[in-house]
Amino acid sequence: MMSKFNNIPEQKDTEIIFREETKFGDFDVVYEKWKWDGILAESIIFDEDDVSEMDDNEIINQVKGSPLFDGEIYKGDPTIRHISGFVFVNFNFITK
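Here's a quick rundown of the structure. (Residues numbered from 1 in each chain as written. Predicted model: local features only at pLDDT ≥ 70, side-chain atom pairs only at ≥ 80, totals over all residues. Heavy atoms only, no water.)

**Considerations on the overall build of the chain**
Phase 1: When helices and strands are tallied, the chain shows one helix and five strands.
Phase 2: Over its C-alpha atoms the chain spans a radius of gyration of 13 Å, differing by no more than 12% from the 12 Å that the globule rule assigns to 96 residues.
Phase 3: Once the C-alpha set of the chain is aligned to its principal axes, its extents read approximately 35 × 30 × 20 Å.
Phase 4: Counting all 96 residues of the chain, 34% fall into the buried class.
Phase 5: Summarising the internal contacts of the chain: among those between residues at least 6 apart in sequence, 45% fall at separations of at least 24. (Helix = DSSP H or I, 4+ residues; strand = E, 2+ residues; numbered from the N terminus. Rg over C-alpha atoms; globule rule 2.2 N^0.38 Å. Buried < 20%, exposed > 50% of the residue type's maximum accessible area, 1.4 Å probe, protein only. Contact = heavy atoms within 4.5 Å.)

**Quick notes on the pairing of strand β3 (residues 39-47)**
Phase 1: With respect to burial, β3 is a largely interior element, seven of its nine residues being buried.
Phase 2: Sheet topology places strand β2 (residues 27-36) next to β3; eight bridges connect them, and they run antiparallel. When the bridges of β3 are listed, K35 appears paired with L40.
Phase 3: Turn length for the β2-β3 hairpin, with the two strands adjacent in sequence and antiparallel, is two residues, and the turn residue D37 shows positive phi of about 50 degrees.
Phase 4: With eight bridges joining them, β3 and strand β5 (residues 86-95) adopt antiparallel strand pairing. Note that in β5 the partner of E42 across the bridge is F91. (Pairing = 2+ DSSP bridges.)

**Focus: the environment of F86**
Phase 1: Examined against the element boundaries, F86 turns out to sit in strand β5.
Phase 2: Considered as a pair, F86 and V29 are 57 residues apart in the sequence and their alpha carbons are 9.8 Å apart.
Phase 3: Discounting chain neighbours no more than four positions away, the residues touching F86 are K4, F5, N7, I8, P9, I45, F46, D47, E48 and R81.

**A word on the environment of D77**
Phase 1: In this structure, D77 sits in the loop between α1 (56-64) and β4 (79-83).
Phase 2: Taking the C-alpha atoms as reference, D77 lies 6.7 Å from F91; in sequence the two are 14 residues apart.
Phase 3: Those residues in contact with D77 that lie beyond four places of it in its chain are K64 and F93.

**Overview of the sheet that holds β4**
Phase 1: Reading across the sheet, the five strands line up as β1-β2-β3-β5-β4 and stay open at both edges, with antiparallel pairing between neighbours. Lying at the two open borders of the sheet, with one neighbouring strand each, are β1 (15-24) and β4. The sheet shows a mean angle of 25 degrees between the axes of neighbouring strands, taken without regard to direction. (Axes fitted to C-alpha atoms, helices over the stretch in contact; angles between N-to-C directions.)

**Regarding the packing of aromatic side chains**
Phase 1: Taken as a whole and assessed by the stated rule, the structure comprises four aromatic pairs.
Phase 2: Among the aromatic side chains, those forming a connected cluster through ring pairs are F24, F27 and F46. (Phe/Tyr/Trp six-rings, centres within 6.5 Å; stacked < 30°, edge-to-face > 60°.)

**A look at unusual backbone geometry**
Phase 1: In this structure, D37 takes a positive phi of about 50 degrees despite not being glycine.
Phase 2: On the basis of relative accessibility, which here comes to 63%, the residue D37 falls in the exposed class.

The structure is reproduced here in structure tokens:
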């Protein structure tokens, strides 16, 4: 079966540790853990069409309000990027 997440772009220097298609509220998403340049973090990747009615702050606040986000342990606020039809919300950053 063809998934709408088959063509998620990847940064060549980023190591994907874990990736799985799942649900985030009512949205189909991809959840992943990754490592890049001494940073370990997590992402929720939305199909851009699914969240087109929301602005970036609304998307970030949904992630911050989820049990996945841990602002007590991890440093920094979530970041958001729109790339090739996907919306990446990156969070739970650890720097080594």
